[in-house]
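Fold and contact review
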Amino acid sequence: MQHSQTHLRSRPISAGHLRAFEAVARHLNFRAAAEEMALTQSAVSRQIQSLEEEVGVALFLRHTRAVELTSAGAQLLLAVQQSLPRIDTAVRQIRQSAGRKSVSLTTFASFASMWLIPRLEAFQRDNPEIDIRIDASDVAVDLEVADVDIALRYGTREVMPPTAVRLFGETLTPVASPWLLKSSPPIKTPADITGFTLIEAGDAHRTHLEWLTWRRWFEVNGLERAQPRRWLYFNYAYQMVQAALTGQGVTLARSSLIAESLANGDLVEVLPQHRMDSPMGYWLIAGPRNALRPEIKAFWDWLQVQAITTRETIGEVPDPDTVDNID
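In what follows, the accompanying structure is described. (Residues numbered from 1 in each chain as written. Predicted model: local features only at pLDDT ≥ 70, side-chain atom pairs only at ≥ 80, totals over all residues. Heavy atoms only, no water.)

Of all ten residues in helix α2 (residues 18–27), seven are buried; the element is thus mostly enclosed. The complete set of buried residues in α2 reads Leu18, Ala20, Phe21, Glu22, Ala23, Val24 and Ala25. Residue leucine 28 follows α2 closely and has a positive phi angle near 50°. (Buried < 20%, exposed > 50% of the residue type's maximum accessible area, 1.4 Å probe, protein only. Helix = DSSP H or I, 4+ residues; strand = E, 2+ residues; numbered from the N terminus.)

Pasting the structure below:
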C-alpha cells in the first residue's frame with residue numbers, strides 16, 4: 001500500500017480535478033463552486049478529495065461554515081490561475097481556426113508597426129480567406145518548437161540560418177519633420193545637427209546596437225566630441241520616429257522603415273549626402289514544418305514583392321544571395 005501511494009504521488013497529477021479546485025478556491029465554498037459547475041456538492045467534494053490524495057497534502061482547511069486554503073493550496077492555485085486561462089485561450093483559437101487557412105508570424109515590434117502592418121491591408125484584401133496572426137516581440141522565438149510559420153528577423157548574415165532570405169538592408173539617415181526645419185536654423189553641415197534635440201534609443205549603446213548611435217554618426221563625420229543641445233530617449237524605433245514626426249527633434253532613422261514617410265513628405269532627410277551604411281539586414285525565415293502550405297507560400301511571395309518595393313524606394317541594389325522561393 002505504501003508503495004502504491006508513493007508511486008501515485010511521484011507521477012504528474014491528472015488535470016481533470018483542477019477546475020473544481022479553482023472554483024472552490026475562488027468561492028471558498030463547495031456549494032457555490034458546485035452551482036457554478038452544474039455539479040452536486042458531493043461530486044465537487046469527491047474531486048477535491050481525489051486531488052488532495054494525488055498531491056499528497058491537504059489543499060483546504062474545512063471549517064464548520066467556511067473553507068480556507070492551506071499554504072499548499074495557495075501555491076497550487078497560483079499555478080492553476082495562470083495555466084487554465086492559457087489553455088482556454090488556446091482551445092478557443094483552435095476552435096475558431098478549425099477548417100480555416102491561417103498564417104502565424106513573429107517579428108520585432110518596430111518592424112511590425114512601421115513596415116508590416118501598414119502594408120497588411122493589401123494582402124488581406126486580396127486574400128480574404130487567410131487569417132493572419134502576428135506575434136510582435138523583441139525576443140526571438142525558437143522556430144523548432146514555436147507554433148509559428150514565418151519569422152521576420154533583423155541582423156547580419158552571419159547570425160541568420162542558411163535558409164534565411166534577405167529582404168533588404170538599410171542605411172541610417174538623420175530625419176526631421178518639415179515644419180521643425182522651417183522654424184529652425186538651416187542644417188547645412190553635420191555640425192549643425194548639434195543645435196537640435198537628438199532622438200535616440202535608450203539602449204543603443206549596448207554593444208550589438210552601437211552602430212545605431214548618434215555617436216557613431218558623429219565619428220564617421222569627424223565630430224567625435226560633438227554634443228547636442230539635449231537628448232530624447234525612447235525604447236523602440238517607432239517611438240523615435242513618432243517623436244520626429246511631431247517635431248520633437250532629429251532622429252537617426254533606418255531608411256527601410258521610413259521610406260514611405262520620406263516619400264510622402266512627412267519626414268525630410270536633413271543631410272542626405274551623409275547617410276551611414278548599416279551592416280544589418282531584414283530576413284525572412286520559414287518555420288521548419290510549414291513551408292509547403294499554400295497560404296504560407298502566398299504570404300511568403302507577397303512579402304518578397306513588398307521587399308522589392310522597399311529596395312526600390314531606398315535605392316538598394318538587389319542582394320545577389322536573395323532566394324526567390326521556398327521549396
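Moving on to the environment of glutamate 224. Following the sequence through the fold, glutamate 224 ends up in the loop between α8 (214–220) and β8 (230–234). Not counting residues up to four positions away in its chain, the partners in contact with glutamate 224 are Phe218 and Glu219. (Contact = heavy atoms within 4.5 Å.)

Tallied over the full model, the rule gives eleven salt bridges. Aspartate 149 is paired through a salt bridge with arginine 293; the nearest N and O atoms lie 3.2 Å apart. Of this pair, aspartate 149 sits in the loop between β4 (130–136) and β5 (150–155) while arginine 293 is found in the loop between β11 (276–286) and α11 (294–314), placing the two residues 144 residues apart along the sequence. A residue is classified by how much of its surface remains accessible, and aspartate 149, at 4% relative accessible area, is buried. Under the relative-accessibility criterion, arginine 293 is labelled partly exposed at 27%. Ionic pairing is found between glutamate 269 and arginine 275, a salt bridge with its closest N-O pair at 2.7 Å. Judged by relative accessible area, which is 18%, glutamate 269 ranks as buried. Judged by its relative accessible area of 46%, arginine 275 falls in the partly exposed class. Residues joined by salt bridges that share partners form a network here, namely Glu22, Arg26 and Glu36. (Salt bridge = Lys/Arg side-chain N within 4 Å of Asp/Glu carboxyl O.)

Let us look at the pairing of strand β3 (residues 101–107). Most of β3 is tucked away: five of the seven residues are buried. Pairing analysis gives seven bridges linking β3 to β4, with the strands arranged parallel. Residue pairing in the sheet places valine 103 in a bridge with isoleucine 132 of β4. Where β3 meets β5, three bridges bridge the pair, whose relative direction is parallel. In the strand pairing of β5, threonine 107 is matched with leucine 152. (Pairing = 2+ DSSP bridges.)

For the rest of this paragraph, the subject is the nonpolar core. Of all hydrophobic cores here, the largest spans 55 residues; its most connected members are Leu116, Ile150, Ile193, Phe299 and Leu303. Contact partners of leucine 116, with chain neighbours within four places excluded, come to Leu105, Phe111, Ile134, Leu152, Phe299, Trp302 and Leu303. With 19 residues, the next largest nonpolar core counts Leu18, Val44, Phe60 and Val67 among its residues. (Core = buried A, V, L, I, M, F, W, Y, C linked by side-chain atoms within 4.5 Å.)

Looking now at a nonpolar patch on the surface. Taken together, Ile13, Val55 and Val57 make up a surface patch of nonpolar side chains, about 190 Å² in accessible area. Within the fold, isoleucine 13 resides in the loop between α1 (2–10) and α2. (Patch = residues over 30% accessible without salt bridge, like charges linked within 9 Å, V, L, I, M, F, W, Y side chains within 5 Å. Areas by Shrake-Rupley, 256 points an atom, 1.4 Å probe, with all protein chains shown as cover.)

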